[in-house]
Amino acid sequence: MDINQAILDSLAKNNVEFVTTVPCKQLAGVIEKVENDKRFMHVPSNKEDEGMGLCAGAFMGGKRPCIIMQNTAVGVTVNTLASLTQFYNMPLPMLISYRGELGERVAIQAEMAVHTKALLAQLNIQTYHFHKPEDVTELDAILHHTFMTRKPTAILTDSNFWGGY
Amino acid sequence: MIRSEIIKNLVPVLKDQLVVCNIGLPSQELHMMGDQPSNFYMLGTMGLCSSIGLGLALTQKAKVISIDGDGSILTNLGTLPTIANNVAHNFILLIIDNGSYGSTGDQPTYTGMKTSLAKVAEACGCDNVIECQAEEAVNVMKTAIAGDKMTIIVCKCESGNIPVPVIELDGPVIRHRFMEEVKRKNA
Ligand SMILES: [Mg+2]
């Protein structure tokens, strides 16, 4: 199964048309695919809170958004998630590379990894953890749920999901 | 002239336009002097006014005006390269540059010192950057609205504030009535 293609197809099936990204090595493949897929408007952002602002605007413009980012960004965006996405009841699927999990080779990545789920739980953000490639089949239902609830959703994708480092 | 006078002068020009307004006093002033359903008041997340406006402009047809400030642009300086490289000709970014963090008590920002936001915007690749004085704001805005080019306006003014009430609208109410206006304009 091509995970990247499965992700894009789930996004398209759920009428996501606006995607913003901040790179992570683990996300390189999916970002490249988004850039080259005519079904999506891809607007790279320089920081993840900026990206969430773009997504808020896109949602109000009538286009379903998605942000693709690394888990370190959960730390960057706490205020934006609470004061923008949640305060205004906006849906936002966040496809997040979950660095610092089993197989990680860069020790410092574990420092934010241990805070990631705790921060998401503190923010009452609905959170899903993809550990095996076949978990991608749940993305369709998660996206549907995200737009139905008009809430942010975190989809944590660890190294094992992406096939190891 | 201070920011609240610029906003007061702009209210007739902004009538029925989609306006995304910066956090704090700018939103409170606009709300007090010219509330309308097509105003989106940011009540949190300093810095994201221009990002919300760009996302909105890129995804629908109607004109979008972001009313931002020098302090919040400095907070999210990465927005200018994104704007420059993802051109939306229905987007107008008005940066009211009073050289201070107005909402927090007019502490000075660097734009009142050596930093020129107009030059920063140009260096970031923005094509149509206009620096003007407070007195020219209405005419510059009228021209930008009548035109068909993305415009970045840096409007210099004095710092200073007037007393204004806080906005008591709920977030989803602001968002819902704003989105109804977006739909109406794109129907
Ligand atoms: Mg200011």
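Definitions and cut-offs
- Residues numbered from 1 in each chain as written.
- Chains lettered and ligands numbered in written order.
- Predicted model: local features only at pLDDT ≥ 70, side-chain atom pairs only at ≥ 80, totals over all residues.
- Heavy atoms only, no water.
- Donors = N, O, S within 2.8 Å, 3.2 Å for Na, K, Ca; no water.
- Buried < 20%, exposed > 50% of the residue type's maximum accessible area, 1.4 Å probe, protein only.
- UniProt positions renumbered as here; feature names shortened; annotations may be inferred.
- Helix = DSSP H or I, 4+ residues; strand = E, 2+ residues; numbered from the N terminus.
- Pairing = 2+ DSSP bridges.
- Axes fitted to C-alpha atoms, helices over the stretch in contact; angles between N-to-C directions.
- Contact = heavy atoms within 4.5 Å.

Looking at an unreviewed UniProt entry, one finds chain B named Sulfopyruvate decarboxylase subunit beta and attributed to Ahrensia marina.

Chain A goes by Decarboxylase in an unreviewed UniProt entry, where it is assigned to Ahrensia marina.

Enquirer: Tell me what's going on with the coordination of the magnesium ion, and back it up with residues and numbers.
Expert: Residues and elements named next belong to chain B. At 2.1 to 2.2 Å from the magnesium ion lie its protein donor atoms, namely Asp-70 (OD), Asn-98 (OD1) and Ser-100 (O). When the donors of the magnesium ion are listed by position in the chain, the intervening gaps give D-x27-N-x1-S. Neither Asn-98 nor Ser-100 differs from the other in exposure class; each is buried.

Enquirer: An account of the UniProt feature "domain: Thiamine pyrophosphate enzyme N-terminal TPP-binding" (unreviewed entry) in chain A is requested, with residue identities and associated values reported.
Expert: Those residues carrying the UniProt feature "domain: Thiamine pyrophosphate enzyme N-terminal TPP-binding" (unreviewed entry) are residues 1-96 of chain A in this numbering. Between the C-alpha atoms that bound residues 1-96 of chain A there is a distance of 20 Å. The span itself is 48% helix and 21% strand.

Enquirer: Tell me about the sheet that holds strand E4 (residues 91-97) of chain B, residues and numbers included.
Expert: Residue and element names in this part refer to chain B. Pairing in this open sheet of 6 strands is parallel, and the strands run E2-E1-E3-E4-E8-E7 from one edge to the other. The outermost strands of the open sheet, each flanked by one partner alone, are strand E2 (39-41) and strand E7 (129-133). Adjacent strand axes in the sheet meet at a mean angle of 20°, parallel and antiparallel pairs treated alike. Where E4 meets strand E8 (residues 151-156), 6 bridges bridge the pair, whose relative direction is parallel. Its bridge partner lying in E8, Ile-92 is registered against Thr-151. Sitting on the sheet, helix H1 (residues 3-14) touches strand E1 (18-21), strand E3 (64-69), E4 and E8, and the angle it makes with E4 is about 155°.

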